[in-house]
Amino acid sequence: MSERRVTKGKVKVFSNTTEPGVVGQIKRAWDWRHREPIELAGTVARKVWRRGDRFRMLPFPQAVHIEITNRCNLKCVMCPHPTMTRTQGQMSEELFRKIIAEISGHRLLLENVAIMGLGEPMLHTDFERLVTIAAEAGVPNLYVSTNGTALTEKRAQRLVEDGALGRLIISLDGATKETYEAVRIGGRFDLVMENTMRVLRIKRALGRRKPVVTLQILTMPRTRHEIDEFVSRWEPELGDGDEILIKEVDTFGGLVDDLRLDAEREPVQRIPCRMLWKDMSIAWDGKVTVCCKDVYYQLTVGDANTQSLEEIWNAPKWNAYRRLHTSGEWDRIHPCDVCREWYV
């Protein structure tokens, strides 16, 4: 199944948003209508800098993932967290401020900043404070993805009133209690549904557009027959800009079983992975890796505690990985050799 969005009843196939020509330009322009000026300027700046070459190095990554905690309260069947051996903890405010200070200095080139990693971000004891720090620094398109279990009424009220988050993704993965609790082991279906409805009601009551709420369901054998029911259940609840996202399940670079519906499809001819030229992921303890799929940090290239992000972005080790990809030698790198997500 192709990934698609449902926004106020409209279905949009992802690939259509990147098609060439006049039609593609019109669709992208329509999607940009609610973007902030800094976001629009950033889109233009990145295109000018790359000049048509998708692998031309930007001075700074266009997407940054900040894992404020790698603790989680669920054991989802499609997630590598249950087998993770990394020490669990949460990012200090001092390190977070250091990262945000540098990011804000490069915000023109940033497409988005995610406050999330391999863990449930709302388990950080100062979650709201960190979101506010990032927003006040002018970080564009700030978003978070949550399992919704800790999205309390107090927290939902504050997130909507502050307007600090650009997007709030709530991963639901099921239209029924039976399916949801079989996929998101440890989660309570009724609680998460109530938490989700509450944040939508608060947005509607306050007349706010931000944060845009994305209700996500992953397609896999367990959920495939509930996609239509999921859409029918949630579409009437969407506010302005809110959306339903039907998304292909991930393998996290081969760390979990391949549950994709088309897992046996004929492979597409592989090309260098653009993530090495786009993305930077920072763990709660400051380690930096080259890709958000590398949630075990096997490709660590630096330490944000002692180095600047710009220095890490241009590190010899990272550039060596890029050269192996451009020469078609990604099989010499693990987990790139077994990754199924290289096409992003």
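Our structure is the block above this text.
Residues numbered from 1 in each chain as written. Predicted model: local features only at pLDDT ≥ 70, side-chain atom pairs only at ≥ 80, totals over all residues. Heavy atoms only, no water.

## Observations regarding the environment of H124
- Along the chain, H124 falls in the loop between β5 (112-114) and α4 (127-136).
- Separated by 52 residues in the primary sequence, H124 and C72 have C-alpha atoms spaced 10.0 Å apart.
- Sequence-distant contacts of H124, that is, excluding residues within four places in its chain, are made with I68, T69, Q90, M91, L130 and R155. (Helix = DSSP H or I, 4+ residues; strand = E, 2+ residues; numbered from the N terminus. Contact = heavy atoms within 4.5 Å.)

## Here we look at unusual backbone geometry
- A cis amide bond links K210 with the next residue in sequence, P211, at an omega value of -5°.
- Relative to the helices and strands, P211 is located in the loop between α7 (189-206) and β9 (212-219).
- Cis geometry is found at the peptide bond from H334 to P335, where omega equals 15°.
- If you check the backbone angles, D173 has positive phi at about 55° while not being a glycine.

## Quick look at the pattern of salt bridges
- Following the criterion strictly, the structure yields 17 salt bridges and no others.
- Here the residues in one salt-bridge network are E93, R97 and R129, joined through shared partners. (Salt bridge = Lys/Arg side-chain N within 4 Å of Asp/Glu carboxyl O.)

## Observations concerning the environment of E248
- Structurally, the position occupied by E248 is in strand β10 (residues 243-248).
- Note on E248: relative accessible area 9%, which makes it buried.
- In sequence terms E248 and L218 are 30 residues apart; their C-alpha atoms lie 5.5 Å from each other. (Buried < 20%, exposed > 50% of the residue type's maximum accessible area, 1.4 Å probe, protein only.)

## Looking at the environment of A283
- Note on placement: A283 falls in the loop between β11 (279-282) and β12 (287-289).
- What makes A283 buried here is its relative accessible area of 1%.
- Taking the C-alpha atoms as reference points, A283 and E67, 216 residues apart in sequence, are found 4.9 Å from one another.
- Other than its neighbours up to four places away in sequence, A283 contacts E67, R86, M91 and Y297.

## Section: the pairing of strand β6 (residues 142-146)
- Judged by how many residues are buried, β6 sits mostly within the fold: five of five residues are covered.
- Side chains L142, V144 and T146 project from β6 onto one buried face, and the interleaved Y143 and S145 project onto a second face that is buried too.
- Both β5 and β6 contribute to a ladder of two bridges, which runs parallel. Counterpart to A114 in the pairing with β6 is Y143.
- A crossover connection joins β5 to the parallel β6 through α4; in handedness this β-α-β unit is right-handed.
- In terms of strand pairing, β6 meets strand β7 (residues 167-171) through four bridges, oriented parallel. (Pairing = 2+ DSSP bridges. Right-handed = clockwise from strand over helix to strand, strands pointing away.)

## Quick look at helix α5 (residues 153-162)
- Those residues of α5 not exposed but buried are R155, A156, L159 and V160. All buried residues of α5 project into a common sector of 125° when viewed along the axis, lining one side. Exposed side of α5, more than 90 degrees from the buried face: E153 and K154 are the residues found there.
- Check the buried side of α5 and you find it contacts α4 and α7.
- A positive phi of about 65° marks G163, the residue just after α5. (Arc of directions from axis to C-beta.)

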